[in-house]
Amino acid sequence: MEKYTLIITEKPDAAQRIAQALDSKGKPKKVEENGVPYFLAHRNRKLVVVPALGHLYTVAHERGRRNYYPVFNFKWVPRHLAERGAKQIRTWIETISKLANDAEDFIAACDYDIEGSLIGYCILKYGCENKEGVAKRMKFSTLTKSELEKAYDGPLSQLDFALIEAGKTRHEVDWLYGVNLSRALTSAARRWSGKYATLSTGRVQGPTLKFLIGRERVIRSFVPTPYWEIRAEVEIKKSTYEVEYERKRIEKRAEAEAVVKACTDKTGEIKKVDMREFHQKPPTPFDIGALQTEAYSLFRYTPRRTMGIAQRLYLDALISYPRTSSQKLPPVINYKNILKALSKEPAYKKLASKLLEKEELKPREGVKEDPAHPAVYPTGNLPERTLSDPEKNVWDLVVKRFMAVFGETAIKQGVKVSLEVNGHNFFLRGRQVLKEGWMQFYKPYVKAEEVLLPPIKEGETVRFKRVICDDKFTNPPPRYNPSSLLKKMDEYGIGTKATRADIIGTLYNRRYITEERIVVTDLGFDIIDILSNYAPRVISVKLTRELEKKMEQIQSNSEKRENILLEAVQQLKPQLEQLKEKEEPIGEVLSKAIKRVRMQERIIGNCPNCGTGKLMILYSRKTRKRFIGCTNYFKGICSTSFPLPQKGTAKPMGKNCGSCGWPLVRVQIKGRRPWRLCFNPDCPLKEERKKRNEMQNLQPGSPRKIL
Amino acid sequence: MKCRICNREALEKYCELHEKAYRNIVQKYDSWKRAMDVSWKEYLNEIAKNPYTGSWAKEVAEQLLKNEDR
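Residues numbered from 1 in each chain as written. Chains lettered and ligands numbered in written order. Predicted model: local features only at pLDDT ≥ 70, side-chain atom pairs only at ≥ 80, totals over all residues.

### Considering the overall build of chain B
Stage number 1. Helix and strand content of chain B: 3 helices and 0 strands.
Stage number 2. Element order for chain B, N to C, with α for helix and β for strand: α-α-α.
Stage number 3. In terms of overall size, chain B behaves like a compact globule, its C-alpha atoms giving a radius of gyration of 12 Å where 70 residues would be expected to give roughly 11 Å.
Stage number 4. Dimensions along the principal axes, computed over C-alpha positions, put chain B at roughly 35 × 25 × 20 Å.
Stage number 5. Classification of the 70 residues of chain B by burial places 31% in the buried group.
Stage number 6. A separation of at least 24 residues holds for 36% of the contacts in chain B among residues at least 6 apart in sequence. (Helix = DSSP H or I, 4+ residues; strand = E, 2+ residues; numbered from the N terminus. Rg over C-alpha atoms; globule rule 2.2 N^0.38 Å. Buried ≥ 20, exposed ≤ 12 C-beta atoms within 10 Å, placed from the backbone. Contact = placed C-beta atoms within 7 Å.)

### Some points on the sheet that holds strand β4 (residues 45–51) of chain A
All names here are of chain A.
Stage number 1. Strand order in this open sheet of 6 strands is β2-β3-β4-β1-β7-β8, and the pairing throughout is mixed. Looking at strand neighbours, the two that pair on one side only are β2 (29–33) and β8 (136–137), the edges of this open sheet.
Stage number 2. Bridging between strand β1 (residues 4–9) and β4 involves 5 bridges; their strand directions are parallel. The residue of β4 that forms the bridge with T9 is P51.
Stage number 3. Sitting on the sheet, helix α3 (residues 88–101) is in contact with β1, β2, β3 (36–43), β4 and β7 (103–108), with an inclination near 25° to β3. (Pairing = 2+ DSSP bridges. Axes fitted to C-alpha atoms, helices over the stretch in contact; angles between N-to-C directions.)

### Observations regarding the pairing of strand β13 (residues 424–435) of chain A
Regular strands place side chains that alternate from one sheet face to the opposite one.
Residue and element names in this part refer to chain A.
Stage number 1. In terms of strand pairing, strand β10 (residues 239–245) meets β13 through 2 bridges, oriented antiparallel. In the strand pairing of β13, Y245 is matched with F426.
Stage number 2. Note: strand β12 (residues 410–421) against β13, 11 bridges, orientation antiparallel. Pairing of Q413 across the sheet is with Q432, part of β13.
Stage number 3. If you look at the hairpin formed by β12 and β13, you'll find 2 residues sitting between the two strands, and N422 has a positive phi there, around 50°.

### Topic: the interface of chain B and chain A
Stage number 1. Taken together, the contact pairs 18 residues of chain B with 15 residues of chain A.
Stage number 2. Mapped by element, the contributors of at least two residues to the side of chain B that touches chain A are α1 (16–36) and α3 (55–69) of chain B.
Stage number 3. Broken down by element, the residue count for the side of chain B that touches chain A peaks at 10 residues, all from α1 of chain B.
Stage number 4. A class-by-class count of the residues in the side of chain B that touches chain A yields 9 nonpolar, 6 polar and 3 charged. (Nonpolar A, V, L, I, M, F, W, Y, C, P; charged D, E, K, R; others polar.)

### Regarding the packing of helix α7 (residues 205–220) of chain A against helix α15 (residues 500–509) of chain A
In helix packing, the relevant descriptors are the interaxial angle and the interaxial distance, both defined with respect to the helix axes.
Residues and elements named next belong to chain A.
Stage number 1. For the pair α7 and α15, the least separation of the axes is 10 Å and the interaxial angle reads 70°. Here α7 lies roughly perpendicular to α15, going by the angle between them. The segment α7 lies against α15, with Q205, T208 and L209 engaging I503, T506 and L507.
Stage number 2. Residue composition of the contact of α7 with α15, grouped by class: 3 nonpolar, 3 polar and no charged. (Parallel < 35°, antiparallel > 145°, perpendicular 65-115°, else oblique.)

### So, the environment of K30 of chain A
Residue and element names in this part refer to chain A.
Stage number 1. Topologically, K30 is positioned in strand β2.
Stage number 2. On the basis of neighbour count, K30 is assigned to the partly exposed category, with 14 C-beta atoms found within 10 Å.
Stage number 3. Distance in space between the C-alpha atoms of K30 and G414 is 62 Å, their sequence separation being 384 residues.
Stage number 4. Residues contacting K30, with those up to four places away along its chain left out, are P37 and F39.

### Structural notes on the sheet that holds strand β21 (residues 649–656) of chain A
Residues and elements named next belong to chain A.
Stage number 1. Judged by pairing direction, the sheet is antiparallel, and its 3 strands sit side by side in the order β21-β22-β23 without closing on themselves. Two strands in the sheet have a free side with no partner beyond their single neighbour: β21 and β23 (675–678). Across the sheet, the mean angle from the axis of one strand to that of its neighbour is 35°, orientation sign disregarded.
Stage number 2. One ladder, built from 5 bridges, connects β21 with strand β22 (residues 663–668); its direction is antiparallel.

### Section: the domain arrangement of chain A
All names here are of chain A.
Stage number 1. The assigned domain composition of chain A is domain 1 (4–159), domain 2 (168–220 + 479–593), domain 3 (226–282 + 410–473), domain 4 (288–404) and domain 5 (603–679).
Stage number 2. Opposite the 10 residues of domain 1 that make contact, domain 2 presents 16 residues.
Stage number 3. Among the elements that make up the side of domain 1 that touches domain 2, the one with the highest residue count is helix α4 (residues 114–127) (3 residues).
Stage number 4. Residue composition of the side of domain 1 that touches domain 2, grouped by class: 8 nonpolar, 1 polar and 1 charged. (Domains from an automatic or database assignment.)

### Let's talk about helix α10 (residues 303–315) of chain A
Residues spaced three or four apart along an α-helix face the same direction, because each turn holds 3.6 residues.
Residue and element names in this part refer to chain A.
Stage number 1. Helix length check: α10 (13 residues) gives 18 Å between terminal C-alpha atoms against 18 Å at 1.5 Å per residue, within 8%.
Stage number 2. Taken together, the buried positions of α10 are P303, T306, M307, I309, A310, L313 and Y314. Down the axis of α10, the buried set is contained in an arc of 165°. They therefore lie on one face.
Stage number 3. Against α9 (288–299), α13 (389–404), α14 (482–492) and α15 lie the buried residues of α10.
Stage number 4. Looking one or two places after α10, you find A317, whose phi comes out positive at around 60°. (Expected span 1.5 Å × (residues − 1). Arc of directions from axis to C-beta.)

### Observations regarding the environment of H373 of chain A
Residue and element names in this part refer to chain A.
Stage number 1. When you line up the elements, H373 lands in the loop between α12 (346–356) and α13.
Stage number 2. For H373, a count of 23 C-beta atoms within 10 Å gives the class buried.
Stage number 3. Taking the C-alpha atoms as reference, H373 lies 61 Å from A254; in sequence the two are 119 residues apart.
Stage number 4. Those residues in contact with H373, other than ones at most four positions away along the chain, are Y112, S141, S320, Y321, T324 and S326.

### Observations regarding helix α18 (residues 561–581) of chain A
All names here are of chain A.
Stage number 1. Look at α18: 30 Å from first C-alpha to last across 21 residues, which is about the 30 Å you get at 1.5 Å a residue.
Stage number 2. K573 marks the point of greatest bend in α18, at about 25°, and the proline P574 comes within the next four residues.
Stage number 3. When we look at burial in α18, the residues that qualify are I564, A568, Q571, L572, Q575, L576 and L579.
Stage number 4. In the core, the buried residues of α18 are packed alongside α6 (161–193), α16 (522–534), α17 (541–555) and α19 (583–602). (Bend = angle between axes of the 7 residues up to and from the residue.)

### Observations concerning the nonpolar core
All names here are of chain A.
Stage number 1. By size, the foremost hydrophobic cluster in this structure holds 145 residues, and its most contacted members are I18, V49 and V398.
Stage number 2. Ranked by residue count, the leading element in this core is α6, at 13 residues.
Stage number 3. A232, I250, C263 and F464 belong to the second-largest nonpolar core, a separate cluster that totals 21 residues. (Core = buried A, V, L, I, M, F, W, Y, C linked by C-beta atoms within 7 Å.)

### Quick word on the confidence of the model for chain B
Residues shown with low pLDDT carry predicted positions that ought not to be read at fine detail.
Stage number 1. Of all residues in chain B, 97% have pLDDT values of 70 or greater, and the mean over the chain is 91.
Stage number 2. By mean pLDDT, the top-scoring element of chain B is helix α2 (residues 40–49) of chain B (95), and the lowest-scoring one is α3 of chain B (89). (pLDDT = per-residue confidence, 0-100.)

### Remarks on unusual backbone geometry
Residue and element names in this part refer to chain A.
Stage number 1. With omega at 0°, the peptide bond leading from Y69 into P70 counts as cis.
Stage number 2. As for its placement among the helices and strands, P70 is situated in the loop between β5 (57–61) and β6 (74–78).
Stage number 3. Here the phi dihedral of N34 falls at roughly 50°; this positive angle occurs in a residue that is not glycine.
Stage number 4. When you line up the elements, N34 lands in the loop between β2 and β3.
Stage number 5. Although it is not a glycine, N44 adopts a positive phi angle of roughly 65°.
Stage number 6. Structurally, N44 can be placed in the loop between β3 and β4.

So this is what it looks like as structure tokens:
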């Protein structure tokens, strides 16, 4: 049998792209064995490109019972042995092992980062009988043909063991924290209530939830104070402009009213016209955090969603590797070639050509660096398939940001006109863009909101037509949203660029937080209360950050995996002992909180009849059938009730019916599309629908009529 | 001792969470009095219906109002 080189990639899409790029004819043969695809290519010699499915191996308890803790002995095992629902991993590993038997050389071509390096290493070590020592490593930042060919022709002579060691340590430490703490919480609640509920916390989850709790406490105990803002409408050269009072806030009502009285219908004078020019430098290239933040603020995509979209664009070779913390664009990526390629797309032709006219292309860069990858940039490839709208949006954003960083500084002019009336000062502000610079490349994502003023001279008079006093109150600090939370985690250095979005997702899944503008649930509060009382070190932001730094040091060979694991165990042990000792009170608190959260999830809204109760999804004591009823139903005070479909799941939507204003319920039956149910029997929409159906039935030839 | 509002463990009248809200209410009364010359009861009424008031502060204000009425 002809010997070949086995190339291992992270995902099937990447395998296809790599095989296509390396095959001398660009047409590799796709083979499928037991549902596992791999590709046969030729390039001087035979190549077999086989994908993984992300991590095929994971950390698991070496031996012992499932729900026991503390556990500190672990080993790396195939994922299907440790996780439910990972059955296909077995055939995947078997196929790779079979292909490895006849392979002569091995190349790891997974993404060049901690996770990718670890995926490749585990497959080579455990699935290919210890080939990690002889395997080579392809290093690339985009899946474009030219870069993949270059990476194949000049691979690294061995695997990146420092990165692998860092990855292994991170997984092992996370496993130690996650498994032990989650088991402690889950088993405490289970022992008290006899019911199972998944509760979890982890090395990063805990401190992240703690951030949220800190903000939630401030918001919930916030007491606003009143203040007043004064603005006026003035007439200048027959046009009306709004001017603001010299003091932004007035703390006394009487004082504000006196200002209004003194200025209304009076003539003022222009005292000073102050013009200022300011320069706005181009933005820096996208690192993954900045891309996620921008996509959230422009399109409202959660960080997790943006990451998913960016990953798809990367696999389509449209953008470079997105999981990067770099804000640098090295010249080696060849700016000119990218812009030339982008100019083939009509939407970018004009802008790209403008940049290509420049003598020198120099990007504005940020300070953040990533040893493995540059900032996110478009490869210059154009889509080979129709992109979905979200994919189009993110790709366009990456392209325009890339172009904007090469733009010139934008110049803006601000005008501040000071007006005096009856001893009080007001300001009129204008702004104008003098030179668009980089802003022209970043439209529509940057808007120049201009306020143009007429020619104004000092000494001119203006009439104060109206003076308005607005009642205001101080606001609580804003709630975090997934994007601002991600930024905060980045700022505090907890979690990694690849895991932060998933951790936020887990907090939602565990019902510790709800809603887009994040609200912490009672369960979230109780988890942090318990951990603060019995295991404060595991939610310490400072300790988490320190551990994170040490793990990063492994990458530069200045720290050892063993030391970090030992430190993690030493930190965890006393905390877990405390949790075990207080299992009973902890279980009680958690069980009650879980019950409250579950009750809360069934509440639909206020009862329209009794006014004191709440409508919620209830279950009949006799038949166990579900219905919507008032919480006063079982007390015998209010008999308001409405039927519900018995099949599938029914959940309050948190929205009201557009027609009658009653709360809506979302009903979903497996295999069918979910629908909104307005349970108001007198809802006008229902009447309309009824009439429409009746009309249809009356029409000749309608299916019902025939039947 | 239990919190008068939520039944959590309390040191005095309120649990740790509602106690913080209570202290905020007392502390902010001075600003309100200076700004609008309101009485304590008027102040409690105002903050109980203000949309910016936090839920714990609202609960405390409502509980204090009930006590005032008694």
